[in-house]
Amino acid sequence: MNLVVMKFGGTSVEDPAAIARTAAIVAGRVAMGKQPVVVVSAMARVTDQLLRAAGCAAQGDRTGSLAISSRLRSRHRDTACALVKNPAEAAALVTLIDQKFDALDEILRGLAAILELTPRISDLIVSYGERISSRIVAAAFREQGIDAVHIDAREIIVTDSQFQKAVPLDSIIDKRAQEKLLPLVAEGKVPVMGGFIASNEAGITTTLGRGGSDFTGALIGGALNAGAIEIWTDVDGIMTADPRVCPDALRVKVISFEEAAELAYFGAKVLHPATILPAVKKNIPVLVLNSRNAASEGTRIISLAPHCKSPFKSISVKKKLSIIDVVASRMLMTHGYLSQIFAIFDKHRCPVDMVSTSEVSVSLTVDSNDKLPAIAADLGKLADVKYEGKKALICMVGEDIRGQNGIAAQVFNAVRHVNVRMISQGASEINMSFMIEEDDADEAIRSLHAAFFKEPDPAIFDVEARKQLQASSS
Ligand code: ADP
Ligand code: ASP
Ligand code: MG
């Protein structure tokens, strides 16, 4: 199958140089006889800035909000003009960018008058990031000789109406993607669309949640039965730890769907947690690649990874978590108590990450969120409740952790200087996780990395890159 979905993240489209590199990568795939469908994020940091503009407007700071929008308008205009040299194309693109920013400014002015930012308006505001970046990228591709066609992702990715974290409606997406994209691909055209943005069945703009462009790429890949889904980002692939925290992290050459999903769920930002689902359903390999270093082989995520001699493949961390302790003597010998507790989390639509119980108490961890006081109030009707934020969950992923004698002792020895609040091992064969204070997390990751990646298996990890780095620094 020659069809390949290529998703480029914010840093891969952050400025004219990055977009030019991206165009060269796509042109390279076309030259190899591949049929790319391209999904792009907003330019780096644009989503954050749009959210700030929305926040300012909602607090009545109309001037501040419009100033953010004005800076974004200039950045997008400048990028477009640097990339598109054909005067007619450039003028048309700049007019289009201006129209979009005029519409955005209208929304921001309205918001500054009504002072109420709903999730629905927030999604509409942030959608401009991908709506505009995808237009610029499509025009830049045409300038490079790629026969690119812009597609509004909202016409294909249809979701329910849970704004800010909408759930895709797979069968509609499959049908629309096949109807709209396959004929273009068959004609040799390269469809370019924004990630992250979608619409509900009534056509109202929704989004798939932060980092959701990866998910768009996977949904399109699944819908079109692509030969591969490529996630192009700013690191060489899935690494043994976040390279920003652990500079000597190694590239993982190959990893299983299950392991990658676990890492993504537990905080490895390189992949949106839902990305793996559509790929697993159709058994489509996912490749994580670096648009700044296209020669690197990246990470291959497949259904069955080869055996790894090292105990772990990667360490991830999920921050901004809270721990909730529920203590009740009534729990003793009763049944149905846990279900009452979980019913409360269910009522507030709050997912629980980790659970630990004793005779009279239950501790749970959740993402820190503004529903916590209401959840605690409901739990308070059943038991004594305490909750505390600023926690981090460290997750160690590897093959058959359950079957390795003494592994827990090695892990906790490596982090013996930090206070471990909760431990989970055994729920999954491939994951061991524990909760610590957020402030201790980076140090803990570095200690664990030093302990477990001294002699990594060269079949699974890119040890050559480490050797080259050591040789160049000595
Ligand atoms: P994009 O904008 O391309 O989607 P993201 O910023 O969402 O990129 O994800 C890439 C970032 O993920 C990297 O810059 C890196 O700091 C971070 N990251 C966290 N954990 C890992 C890991 N295990 N491997 C690689 N990158 C990781
Ligand atoms: N632009 C969106 C975000 O910043 C989606 C993405 O980049 O994947 O969250
Ligand atoms: Mg991302």
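Refer to the structure presented above.
An account of the accompanying structure is given in this report. (Residues numbered from 1 in each chain as written. Chains lettered and ligands numbered in written order. Predicted model: local features only at pLDDT ≥ 70, side-chain atom pairs only at ≥ 80, totals over all residues. Heavy atoms only, no water.)

Focus: the site of ligand 2
(1) Moving on: In the region of ligand 2, the neighbouring residues are Ser41, Thr47, Glu130, Phe196, Arg210, Gly211, Gly212 and Ser213.
(2) Moving on: Measuring from an oxygen atom of ligand 2, one finds a backbone N or O atom of Gly212 at 3.4 Å.
(3) Moving on: Note that an oxygen atom of ligand 2 is positioned 3.0 Å from one of the backbone N or O atoms of Ser213.
(4) Moving on: Surface burial for ligand 2 is 85%, taken as the share of its 270 Å² of free accessible area covered by protein chains.
(5) Moving on: Here the residues of the shell around ligand 2 are counted per class, giving one nonpolar, five polar and two charged. (Near = heavy atom within 4 Å. Polar contact = N/O pair within 3.5 Å; in protein donor to acceptor, adjacent residues only side chain to side chain. Areas by Shrake-Rupley, 256 points an atom, 1.4 Å probe, with all protein chains shown as cover. Nonpolar A, V, L, I, M, F, W, Y, C, P; charged D, E, K, R; others polar.)

A word on the packing of helix α3 (residues 62-83) against helix α5 (residues 119-143)
(1) Moving on: Viewed as axis vectors pointing N to C, α3 and α5 meet at an angle of 10 degrees, and their least axial separation amounts to 9 Å. Considering the angle they form, α3 stands roughly parallel to α5. Within the contact between the two elements, α3 uses His76, Thr79, Ala80 and Leu83 and α5 uses Ile132, Ile136, Ala140 and Glu143.
(2) Moving on: Looking at side-chain class alone, the contact of α3 with α5 contains five nonpolar, two polar and one charged residues. (Axes fitted to C-alpha atoms, helices over the stretch in contact; angles between N-to-C directions. Helix = DSSP H or I, 4+ residues; strand = E, 2+ residues; numbered from the N terminus. Parallel < 35°, antiparallel > 145°, perpendicular 65-115°, else oblique. Contact = heavy atoms within 4.5 Å.)

Observations concerning the pairing of strand β1 (residues 3-8)
(1) Moving on: Burial runs high along β1: six of the six residues are buried.
(2) Moving on: What you see with β1 is no split at all: Leu3, Val5 and Lys7 on one side and Val4, Met6 and Phe8 on the other are buried throughout.
(3) Moving on: As defined by bridge partners, β1 adjoins strand β2 (residues 35-40) across six bridges and the pair is classed as parallel. In the sheet register, Val4 faces β2, and the bridge partner there is Pro36.
(4) Moving on: In terms of handedness, the path from β1 via helix α1 (residues 16-31) over to β2 forms a crossover that is right-handed.
(5) Moving on: Bridge count for β1 against strand β8 (residues 228-233) is five bridges, and the pairing is parallel. What sits directly across from Val5, in β8, is Ile229. (Buried < 20%, exposed > 50% of the residue type's maximum accessible area, 1.4 Å probe, protein only. Pairing = 2+ DSSP bridges. Right-handed = clockwise from strand over helix to strand, strands pointing away.)

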